[in-house]
Amino acid sequence: MSDETAREAGSTESVSLEERIARLEEILTRLESDEVALEQALELFEEGIGHVRAAERVLSETQLRVEELLAGGKKKELDVDEP
Amino acid sequence: MSDDLSLDLFPEPEPEHVEVEASVDQAEKETVGEPKVWSVSQVNRAVRSLLEDSVDPLWIGGEVGTWTRSRPGHCYFTLKDDRAQMRCVMFNRDAQQLPTDPEGGMKVRVLGALTLYEARGEYQLVASRIEAEGAEGLWRLAFQKLRATLTAEGLLDPERKKALPRYPAVVGVVTSSTGAALRDIVSVLRRRAPWVRVLLGATRVQGEGASVEIARALEALAATGEPDVMIVSRGGGAVEDLWAFNEEPVARAIAACPIPVVSGVGHEVDVTIADLVADLRAPTPSAAAEAVVPDAVVVMEGLREMPSRLAQGLRGTIQRRRSGLREVLAGLRMRVDRRIMPVQQTIDRATGRMERAMRSALELRRLRVATAAGKLDALSPLATLQRGYSVARSRTGAVLRSVQDFAPGQPFELRVRDGEVSCEALETREAGPS
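Every residue gets a number counted from 1 within its own chain, in the order that chain's sequence is written. Chains and ligands are labelled by the order in which they are written, letters from A for the one and numbers from 1 for the other. It should be noted that, the model being predicted, local features are given only for residues of pLDDT at least 70 and side-chain atom pairs only at 80 or more, the latter also being counted only at that level, while totals for whole chains, interfaces and linings use all residues.

*Asks:* Describe the environment of A244 of chain B, naming the residues involved and giving the relevant values.
*Replies:* Structurally, the position occupied by A244 of chain B is in the loop between β8 (229–234) and α8 (248–256). Here the contact rule is simple: place C-beta atoms from the backbone, and any two residues whose C-beta atoms are within 7 Å are in contact. Excluding anything up to four places from it in sequence, A244 of chain B contacts V205, Q206, A210, S211, I214 and V250 of chain B. By definition, any uninterrupted DSSP run of H or I lasting at least four residues is a helix, any uninterrupted run of E lasting at least two residues is a strand, and each is numbered from the N terminus.

*Asks:* Quick one: what's the story with the sheet that holds strand β9 (residues 261–265) of chain B, residue by residue and with numbers?
*Replies:* Sheets are built from strands that pair by backbone hydrogen bonding, the pairs being arranged parallel or antiparallel. Being paired, for any two strands, means DSSP has found at least two bridges between them. Ordered by their spatial adjacency, seven strands build an open sheet running β2(A)-β1(A)-β7(B)-β6(B)-β8(B)-β9(B)-β10(B), and the pairing between neighbours is mixed. Single-partner strands in this sheet number two, and they are β2 (75–77) of chain A together with β10 (280–282) of chain B. For this sheet the average axis-to-axis angle between neighbouring strands, irrespective of direction, equals 25°. In this description, a line fitted to the C-alpha atoms serves as the axis of each element, helices being fitted only across the stretch in contact, and the angle between N-to-C directions of two axes falls anywhere from 0 to 180 degrees. Running over the sheet, helix α6 (residues 180–192) of chain B touches β1 (65–69) of chain A together with β6 (170–175), β7 (197–202) and β8 of chain B and is turned about 165° from β6 of chain B.

*Asks:* Break down the packing of α6 of chain B against helix α10 (residues 285–292) of chain B for me, with residues and values.
*Replies:* Residues and elements named next belong to chain B. One way to put it is that α6 packs onto α10 with a least axis distance of 8 Å and a crossing angle of 30°. Classified by chirality, the crossing of α10 by α6 is right-handed. Contact residues: α6 offers A181, D184, I185, V188, L189 and R192, while α10 offers P285, S286, A288, A289 and E290. Three classes are used, and their members are as follows: Ala, Val, Leu, Ile, Met, Phe, Trp, Tyr, Cys and Pro are nonpolar, Asp, Glu, Lys and Arg are charged, and the others, Gly among them, are polar. Across the contact of α6 with α10, the residue classes tally to seven nonpolar, one polar and three charged. Here is the rule for handedness: rotate from the far helix to the near one, and if that takes an anticlockwise turn smaller than a right angle the crossing is left-handed, while a clockwise turn gives right-handed.

*Asks:* Can you lay out the nonpolar core for me, pointing to particular residues and giving the numbers?
*Replies:* One broad rule of soluble globular proteins: the nonpolar side chains tend to lie buried together. Residues and elements named next belong to chain B. Core analysis: the biggest nonpolar cluster contains 85 residues, and L218, M230, I231 and I254 have the highest contact counts within it. Examining the composition of this core, we find that seven residues originate from one element, helix α7 (residues 210–224), more than from any other. Those residues in contact with I231 that lie beyond four places of it in its chain are V171, V173, V174, I185, V262, G264, A288, A289 and V292. Only buried Ala, Val, Leu, Ile, Met, Phe, Trp, Tyr and Cys residues enter a nonpolar core, and they are joined through C-beta atoms within 7 Å. Exposed residues have 12 or fewer other C-beta atoms within 10 Å of their own C-beta, buried residues have 20 or more, and residues in between are partly exposed; the C-beta atoms are placed from the backbone.

*Asks:* With reference to specific residues and values, describe the packing of helix α2 (residues 17–32) of chain A against helix α3 (residues 38–61) of chain A.
*Replies:* All names here are of chain A. Closest axis-to-axis distance for the α2/α3 pair is 9 Å, and the angle between their directions is 150°. Accordingly, the angle class assigned to the pair α2 and α3 is roughly antiparallel. Judged by the twist between their axes, the crossing of α2 over α3 is left-handed. Note on element contacts: α3 touches α2 through A41, L44, E47, G48, H51, V52, A54, A55 and V58, opposite L17, R20, I21, R23, L24, I27, R30 and L31. Put simply, angles under 35 degrees are roughly parallel, angles over 145 are roughly antiparallel, angles from 65 to 115 are roughly perpendicular, and the rest are oblique.

*Asks:* Got a sec to walk through the interface of chain A and chain B? Specific residues and values, please.
*Replies:* Counting from both sides, the interface comprises 36 residues of chain A and, opposite them, 41 residues of chain B. Those elements that place two or more of their residues in the side of chain A that touches chain B are α2, α3 and β1 of chain A. In terms of residues, the side of chain A that touches chain B owes the most to one element, α3 of chain A, which gives 11 residues. Examined bridge by bridge, β1 of chain A and β7 of chain B share four bridges and lie parallel to one another. Note that in β7 of chain B the partner of E67 of chain A across the bridge is L199 of chain B.

*Asks:* Would you mind going over the sheet that holds strand β12 (residues 411–416) of chain B in detail, with residue names and values included?
*Replies:* Residues and elements named next belong to chain B. Read from one edge of the open sheet, three strands run β11-β12-β13, paired in antiparallel fashion. Each end of this open sheet is capped by a strand with a single partner; those strands are β11 (391–393) and β13 (419–424). Across the sheet, the mean angle separating the axes of adjacent strands is 30° when strand polarity is ignored. Pairing analysis gives three bridges linking β11 to β12, with the strands arranged antiparallel. Bridge pairing in β12 links R393 to E413.

Rendered as structure tokens:
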């Protein structure tokens, strides 16, 4: 992910949790390295905070979805009762 | 096959064998003229009916002799003890149920019905079930054989195991849509990782052909390219119930799956071939679900720490920039110094040269002065006085050079090296010619 697209991704919902957390780790590494200019560091910080907020939303608000894969690649939502 | 034997075997022929008995009666009647001649087929058919109708299916214990499986899947074998043997056949419908072919010499018990193979006039046992060394012997043998094959192919190598993703978005689940396994898995995922989407590949998990269905379901899920990780699962059950997970199609499908597969079959104690091939073996369906996703609570904790870690990173950057500025200044100073240094050197060199020039000029001058002084010295009467000569002068200061210059009683001054002496002449004598 380039920094440009990543910064936009920080605020969109379509990014997976795995990508967000991976990106957060990348940002931390970048911030701890010497190569980042001050301006860039500020942008990375803001992007990181965006990922944290979005990830927290995902964790606290989403509901597990269960779909059954049917023949021909179609999918059907399933209600699975707790045991 | 003698009449005696058949009588021994079937001492009480059942009443429905009317046809046979009637035929025999008819044969006796015709002995008057030409004897009644039976065709081989007729006799064999009659004996077959006799055999099949008289003996209920029975278990026979013995040792497997030769065993061959034909292309259509029918199995032909002999069953023997130390004194006798019998021919047996197991047709493909039943042979398919066998976890594996028994090996020669294996002690087995066979459930079957006696019959006569009319074409050869040989009696045989049509086997429907075979069990070896206790009920699970053949299952164990099949397990060992398949494991050996897969091991030889390297499919069980630890290096083949794929790492599981840490935060999967889509979890593929291959199991029955109505089983307890699916409910257990969904329950765990809902609690631990509600952000996940479950994609179910519904399949039968036991019975005829189940292993092929499980394999297809796994392949179909993988083909969507959506799951990040797979669970292949089934709840607990008897050995036969779990058997599909010990069969080659499932093993090969798991091995070929490009997505990491976690197995969760049966209970803790059940280890299946699927478990051995899978990238991770979980002891139960619930454990499989726990293995594929992180706990939301832990993820949340990690996220809560994130802002302060980010802030720390940012602070670090700022500090490094600040010390960086210091370095820039030091660098600048060095650059300036570097520019000044040559000039300084030139000046230093010039000064040195000047000093040296001045010094040698002075030296030269000093040398000249010294030389001049030496000459002056040599000319000065003082130098002569130094050597012990003295100069006599009159009171008026005239130098007295000759006897004629003195008169007896005349006072004069004598100049010596370090002063003057007042003297008085007593007498004068003229020196003779030398």
